[in-house]
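Here is what each chain is made of, one letter per residue.
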Amino acid sequence: EAGVTQFPSHSVIEKGQTVTLRCDPISGHDNLYWYRRVMGKEIKFLLHFVKESKQDESGMPNNRFLAERTGGTYSTLKVQPAELEDSGVYFCASSHAWGTQYFGPGTRLLVL
Amino acid sequence: AQKVTQAQTEISVVEKEDVTLDCVYETRDTTYYLFWYKQPPSGELVFLIRRNSFDEQNEISGRYSWNFQKSTSSFNFTITASQVVDSAVYFCALSEALYNFNKFYFGSGTKLNVKP
């Protein structure tokens, strides 16, 4: 069984540009989560999808971040426009309804 | 408020030594889950263990063991006879509600260096 995959693995952009991160969950997992780790600090929750619906988006930093999960399969997280403080590692995880969350390898975003 | 504290930022040991990674948590809920994840140099977070708040039995899996103590709100992780392959960042996490893993609260991680 394939694990959670994320694309790209790395992204370097300039301040003000737009970046879109993609996450493909484990097949059959309705729950999809986005997390972020900034500057070696703790990994922080961003939001949670159940199928295509946003269940909890309390961790989204501001309206420059937009997450979508059309069709309840893969998800995208767009940052527009990117700021320096958005640099970090963005993790995606997926799970069954009451299961353990399985994480992807992360996307390392650097905003210059 | 919910909080997970991993006070050890970085630990270095020599191969075959035992090492314990500390995790202390705070929660107002009586029903919660605790987790440990390993992040090797490749970057992905690898699931190691999940414990629920009603089960304080310690668990052993090979060289890994976990000590859950509700009285001290701790969920410590011990690696016996450490190996170089154990070198990684280890994260402790808390999730509330028995039937809804909707949000993880992570500690800041402990980087373990195992030297040959």
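The structure this text deals with has already been given above.
Reading the values: rules and limits
Residues numbered from 1 in each chain as written. Chains lettered and ligands numbered in written order. Predicted model: local features only at pLDDT ≥ 70, side-chain atom pairs only at ≥ 80, totals over all residues. Heavy atoms only, no water. Helix = DSSP H or I, 4+ residues; strand = E, 2+ residues; numbered from the N terminus. Buried < 20%, exposed > 50% of the residue type's maximum accessible area, 1.4 Å probe, protein only. Contact = heavy atoms within 4.5 Å. Areas by Shrake-Rupley, 256 points an atom, 1.4 Å probe, with all protein chains shown as cover. Lys, Arg positive; Asp, Glu negative; His and termini not counted. Charge placed at Lys NZ, Arg CZ, Asp CG, Glu CD. Salt bridge = Lys/Arg side-chain N within 4 Å of Asp/Glu carboxyl O. Phe/Tyr/Trp six-rings, centres within 6.5 Å; stacked < 30°, edge-to-face > 60°. Lys NZ or Arg CZ within 6 Å of the ring centre and 35° of its normal. Pairing = 2+ DSSP bridges. Core = buried A, V, L, I, M, F, W, Y, C linked by side-chain atoms within 4.5 Å. Buried area = accessible area lost by both parts, 1.4 Å probe. Nonpolar A, V, L, I, M, F, W, Y, C, P; charged D, E, K, R; others polar.

## A word on the overall build of chain A
Okay, step 1: Across its full length, chain A holds zero helices and 11 strands.
Okay, step 2: Put simply, chain A runs from its N terminus to its C terminus through helices and strands in the order β-β-β-β-β-β-β-β-β-β-β.
Okay, step 3: Seen through its principal axes, chain A has C-alpha atoms that stretch 40 × 25 × 25 Å.
Okay, step 4: Among the 112 residues that make up chain A, the fraction classed as buried is 49%.
Okay, step 5: The contacts in chain A between residues at least 6 apart in sequence include a share of 51% that link residues at least 24 apart.
Okay, step 6: When the accessible surface of chain A is split by element, carbon and sulfur atoms take 51% of a total near 5,500 Å².
Okay, step 7: Of the side-chain charges in chain A, 12 are positive and 12 negative, and the distance between the mean point of each set is 3 Å.

## A short note on the pattern of salt bridges
Okay, step 1: Under the criterion given, the structure shown has 10 salt bridges over all chains.
Okay, step 2: A salt bridge links A:D56 to B:K103; the nearest nitrogen and oxygen atoms lie 3.5 Å apart. One end of the pair, A:D56, is in strand β6 (residues 53–56); the other, B:K103, is in the loop between β10 (88–96) and β11 (105–106), on a second chain.
Okay, step 3: Given the relative accessible area of 14%, A:D56 is considered buried.
Okay, step 4: Residue A:R64 pairs with A:D86 through a salt bridge whose shortest N-O separation is 2.5 Å. Of this pair, A:R64 sits in the loop between β6 and β7 (65–68) while A:D86 sits in the loop between β8 (75–79) and β9 (88–95), and the two are 22 residues apart along the sequence. We note that A:R64, like A:D86, is buried.
Okay, step 5: By sharing partners, the salt bridges in this structure join A:R36, A:R64 and A:D86 into a single network.

## What to know about the packing of aromatic side chains
Okay, step 1: Applying the stated criterion across every chain yields a total of 26 aromatic pairs over all chains.
Okay, step 2: Judged by centre distance (6.0 Å) and plane angle (70 degrees), the ring pair of A:Y102 and B:F47 falls under edge-to-face. Residue A:Y102 is located in strand β10 (residues 102–103), and its partner B:F47 is located in strand β6 (residues 46–52); the two belong to separate chains.
Okay, step 3: Where B:Y37 meets B:F106, the ring centres are 6.2 Å apart and the plane angle is 55 degrees; that geometry is what we call tilted. With B:Y37 in strand β5 (residues 32–39) and B:F106 in strand β11, the pair connects residues that are 69 residues apart, well separated along the chain. With respect to burial, B:Y37 and B:F106 carry one shared label: buried.
Okay, step 4: What links up through ring pairs into an aromatic cluster is the set A:Y33, A:Y35, A:F45, A:Y102, A:F103, B:Y33, B:F35, B:Y37, B:F47, B:F91, B:F104 and B:F106.
Okay, step 5: Over the ring of A:Y74 we find A:R22; its NZ or CZ atom is 3.7 Å from the centre of that ring.

## Section: the pairing of strand β4 (residues 31–37) of chain A
Strand residues, when the strand is regular, have side chains that alternate between the two faces of the sheet.
Residue and element names in this part refer to chain A.
Okay, step 1: A large share of β4 lies buried, amounting to seven of its seven residues.
Okay, step 2: Bridge count between β4 and strand β5 (residues 43–50): seven bridges; the pairing is antiparallel. Residue pairing for β5: Y35 is matched across the bridge by F45.
Okay, step 3: A loop of five residues connects β4 with β5, the two strands running antiparallel in sequence, and M39 in this loop sits at a positive phi of about 50 degrees.

## Here we look at the nonpolar core
Okay, step 1: B:W36, B:F77, B:Y90 and B:L112 are the most contacted members of the largest nonpolar core, which totals 23 residues.
Okay, step 2: Where this core is concerned, the elements lending two or more residues are β2 (10–14), β3 (19–21), β5, β8 (64–69), β9 (74–79), β10 and β12 (110–115) of chain B.
Okay, step 3: Here this core gets four residues from one element, more than from any other, and that element is β10(B).
Okay, step 4: Setting aside its immediate chain neighbours within four residues, B:Y90 contacts B:Q6, B:L21, B:W36, B:Y37, B:K38, B:L48, B:Y64, B:F77, B:I79, B:G109, B:T110 and B:L112.
Okay, step 5: Grouped together as the second largest cluster of nonpolar side chains are 21 residues, A:I13, A:I26, A:W34 and A:L109 included.

## Focus on the interface of chain A and chain B
How large an interface is tends to be reported as the accessible area lost when its parts come together.
Okay, step 1: Listed by partner, the interface residues are 22 residues for chain A and 19 residues for chain B.
Okay, step 2: Surface buried jointly by chain A and chain B totals about 1,700 Å² across both partners, of which 55% is contributed by carbon and sulfur atoms.
Okay, step 3: Counting across the interface, chain A meets chain B through one salt bridge.
Okay, step 4: When its residues are assigned to classes, the side of chain A that touches chain B shows 10 nonpolar, seven polar and five charged.

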